[in-house]
Amino acid sequence: MDMRELALGVLLEVSAGEEYSHIALRNVLDKYQYLEKQERAFLTRLVEGTLERRIELDYIIDQFSSVKVKKQKPVIREILRMSVYQLKYMDSVPDSAVCNEAVKLAQKKGFRQLKGFVNGVLRNIARNLGEIKLPPEKEPVRYLSVRYSMPEWMVREWLTLYGREQTETMLSAFYEKAPLTIRVNKNRISPAELKARLEAQDIRVQAAPYLDGALQIDGFDYLGGLNEFREGLFQVQDVSSMLAVEIAGVKAGDHCIDVCAAPGGKSLYLAEKTGETGSVDARDLTEYKAGLIRDNAERLGVTNVRVSVKDAGIYDEASKEKADVLLADLPCSGLGVLSKKTDIKYRMSKEQQQELQELQRRILSTVEAYVKPGGTLVYSTCTINRGENEENVRWFLSHFPYQAVSLDDCLPEKLRSETTKQGYLQLLPGVHPCDGFFIAKFRKKN
Ligand SMILES: C[S@@+](CC[C@H](N)C(=O)[O-])C[C@H]1O[C@@H](n2cnc3c(N)ncnc32)[C@H](O)[C@@H]1O
């Protein structure tokens, strides 16, 4: 297999909006499981890097190409982008190899007549790479947008909300590749035993921040190839996501409803907390999504989760005042997880954020009725957009019979702050050592 050709396929699929990058890449890695570890690493880096740096790569190409990136044929555009990424960021590949492979690939894809164009642009860039200047720093929106490949509208918004220093911290954090965080399935194994088993296979294991029982692993080839994964000894889950469950303050015997539950990360952790005497009603929009929850529950050996297909925006009379704890981990703009789901930044717009805020409000106003008087509602998103987070909290409290509850009892000392006392926590990339995430907690008045 030619790794560059595989990468090109994924990049074209993602750019056409047919699939999210992390899914398109996973599909290819699953399909070609026999690839060598090094080949998988090269393919992953090439796809992720080319997507992450797209705005900067286009800025470079536009300085050397007579045909601007926007006007190029999709195949040629993606070949140039991934080649410039290799020239700029992958020192292990010689420049001449980058150019030759790009030309071969263009020909193979039926663009024989453009071989000279591809070759000319790339050799010119390779010769002048050291001279290319970013936009001037005194134009912070353009400068930061190109330097970190973030759309200008997002940079502008963050500069207003967070100021220059914090915005730059967050932007650079999206490029730091954190190890994978996992939650140990304590019903089956202790963190220490799992650590020992993984280390025996030369996998690096360290404690994750904030929570016992969360580990970070690094240096494995393919998750599905690990016996420990297949045996359900752990679940992939960021600490930010685990914190939403910690904050819910679930007790043994509680009945929980998770209205947007797939693939089940939080539902399964809730189920561990309620124990066999309690239960979790895990719902999602489609049969496919419900299947993901069932697969994970089966792998982890969790039996107290009931999975169903339900639209959270449609009222369900049978659930009225049934939940001790209701989790509303709602669809959102996802700007806290850009390091894992890179292409979200090119797909999201202000209008979509507005639509998501409306959807979140519609779901919250439907599902709040399922909470028992005195019960708890936890609202969470994986974004850092105030409209979907703090503004929704204020809106919710002013429309429904709930009060905000301090999170401090459920949080490690380090995370306690003025806002956690007021009932919400905003985790920010680069500021906190985990995904960007938002969690708010409310109690229903009696
Ligand atoms: C942020 S994800 C949930 C992640 C999940 N709680 C976990 O921890 O694994 C949001 C989920 O909401 C689901 N969803 C979107 N709209 C929905 C709706 N109207 N009703 C139910 N689920 C919905 C999506 O399918 C997606 O699985």
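Residue numbers restart at each chain and count upward from 1, following the sequence in its written direction. For this predicted model, a pLDDT threshold of at least 70 governs which residues receive local features, and a threshold of 80 or more governs which side-chain atom pairs are given and counted, while totals over whole chains, interfaces and linings are taken from all residues.

An unreviewed UniProt entry annotates the protein as 16S rRNA (cytosine(967)-C(5))-methyltransferase of Anaerosacchariphilus hominis. UniProt, in the comment section headed Catalytic activity (unreviewed entry), describes the protein in these words: "cytidine(967) in 16S rRNA + S-adenosyl-L-methionine = 5-methylcytidine(967) in 16S rRNA + S-adenosyl-L-homocysteine + H(+)". UniProt positions are given in the numbering used here, feature names are shortened, and annotations may be inferred rather than shown by experiment. Among the UniProt annotations of the protein, the heading Sequence similarities (unreviewed entry) holds the following wording: "Belongs to the class I-like SAM-binding methyltransferase superfamily. RsmB/NOP family."

S.K.: Which residues make up the pairing of strand β12 (residues 437-444), and what values do they have?
M.R.: Think of it as a crowd count around each C-beta: if 20 or more other C-beta atoms lie within 10 Å the residue is buried, if 12 or fewer it is exposed, and in between it is partly exposed, with C-beta placed from the backbone throughout. A run of H or I in DSSP becomes a helix once it reaches four residues, and a run of E becomes a strand once it reaches two; helices and strands are each numbered from the N terminus. β12 sits mainly inside the fold: 7 of its 8 residues count as buried. In the sheet, strand β9 (residues 371-381) pairs with β12 via 6 bridges, with the strands oriented antiparallel. Residue pairing across strands places Thr381 opposite Phe438, the latter belonging to β12. Here, strands pair whenever DSSP counts at least two bridges between them. Sheet analysis places strand β10 (residues 402-404) next to β12, joined by 3 bridges and oriented antiparallel. When the sheet's bridge partners are listed, Tyr402 is paired in β12 with Lys444. Summarising the sheet, strand β11 (residues 424-427) and β12 pair through 4 bridges and their orientation is antiparallel. By the bridge assignment, Leu425 is partnered in β12 with Ile439.

S.K.: Hey, could you go over the environment of Gln352 for me, with residue numbers and the actual values?
M.R.: Looking at the secondary structure, you find Gln352 in helix α16 (residues 350-367). For the pair Gln352 and Lys421, spaced 69 residues apart in the sequence, the C-alpha separation amounts to 31 Å.

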